[in-house]
Amino acid sequence: MKSVIENDEVCTTQRAAEILGVSVSSVQQLVESGAIEAWKTRGGHRRIPMAAVLAYKGQPGREQATILVVEDNPMQRILYQKHLGAWNLPAQLVFCENGYQALLEVARRQPDIVVTDIVMEGIDGYELLNTIVNDPQLRPMHIAVVSALGESDLVARGGLPPGVVFFGKPVNYDELRGYLRAGCANFLRAAR
């Protein structure tokens, strides 16, 4: 692994994601929102000054909530990216495609809001929820489950932990937007 020392170097979106410990799509959104300075090459690739990446990484206080979306269906992830990206939430969006990746993200950054599916291969949403809720070292976070499972199916599987909000599929994006806006507002109030 190359050591980063020089501030006049530039890096790719992939390298910035590795340094910050986030997904490539999160770096792209940070660039598009202006949170990290960058430019595009003629071929459309982002080039990010290393100094901008390191400055963002070293910010003592955050001005945005972090929303972690866990969804194994690629088409549903695209819909989430489209909708959530258009809402101009004061938040950094991080997307994971399975429970394992989500647990790594939770350990890295302890997101403020988690939106997760329940039925996933490997580590499912229940295991993810129980790990988050039962870990006393994690700070509290808003958690919403978005699932096609019915209420009776959820109850048969043990129900949802207290405080976890349920949204059925197909997703009612107006309700989800309200929930996420409220979660971001809570974050901003607490950050002051």
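Our subject is the structure that appears above.
This report concerns the structure included in the present document. Residue indices begin from 1 for each chain and proceed along its sequence in written order. At least 70 in pLDDT is required for a residue's local features to be given in this predicted model, at least 80 for side-chain atom pairs to be given and counted, and no such filter applies to totals for whole chains, interfaces and linings, which use all residues. Side-chain measures were taken over the full set of non-hydrogen atoms in the model, leaving aside hydrogen atoms and water.

**Here we look at the pattern of salt bridges**
A side-chain nitrogen of Lys or Arg and a carboxyl oxygen of Asp or Glu constitute a salt bridge if their distance falls within 4 Å. Enumeration according to the criterion identifies eight salt bridges in this entry. The salt bridge partner of Glu105 is Arg108, with a shortest N-O separation of 2.8 Å. One end of the pair is Glu105 and the other is Arg108, both in helix α5 (residues 99-109) and three residues apart, which spans about a single turn. On the accessibility criterion, Arg108 (52% relative accessible area) is exposed. Per the convention used, a helix needs a DSSP run of H or I reaching at least four residues, while a strand needs a run of E reaching at least two, with both numbered from the N terminus. Only protein chains enter the accessibility calculation, which uses a 1.4 Å probe; a residue is then buried when its area is under 20% of its type maximum, exposed when over 50%, and partly exposed in between.

**As for the sheet that holds strand β4 (residues 65-70)**
Strands are treated as partners if at least two bridges between them are detected by DSSP. Spatial ordering of the open sheet is given by β5-β4-β6-β7-β8, a layout of five strands whose pairing is parallel. Only two strands of the sheet have a single partner each, and these edge strands are β5 (91-96) and β8 (165-168). Between one strand axis and the next, the sheet turns by 20° as a mean value, whatever way the strands run. Pairing analysis gives four bridges linking strand β7 (residues 142-147) to β8, with the strands arranged parallel. Within β8, the residue paired with Val146 across the bridge is Phe167. Where helix α4 (residues 74-86) meets the sheet, it contacts β4, β5, β6 (113-116) and β7, and its direction lies at approximately 180° from that of β5. In this analysis, axes come from line fits to C-alpha atoms, helices being fitted only over the stretch in contact, and the angle between any two N-to-C directions falls in the range 0 to 180 degrees. In what follows, residue pairs with any heavy atoms lying within 4.5 Å of each other are defined as contacts.

**Structural notes on the environment of Leu176**
Mapping Leu176 onto the fold places it in helix α8 (residues 173-191). A sequence separation of 92 residues divides Leu176 from Leu84, and the C-alpha atoms of the two residues are 9.2 Å apart.

**Points about the sheet that holds strand β1 (residues 10-11)**
The strand order across the open sheet built from three strands is β1-β3-β2, with neighbouring strands paired in antiparallel fashion. The sheet is open, and its two borders are formed by β1 and β2 (39-40), each paired with just one other strand. Here two bridges tie β2 to strand β3 (residues 46-49), and the two strands are oriented antiparallel to one another. The residue of β3 that forms the bridge with Lys40 is Arg46. Here helix α2 (residues 24-33) sits on the sheet and contacts β2 and β3; the angle it forms with β3, its principal contact strand, is near 75°.

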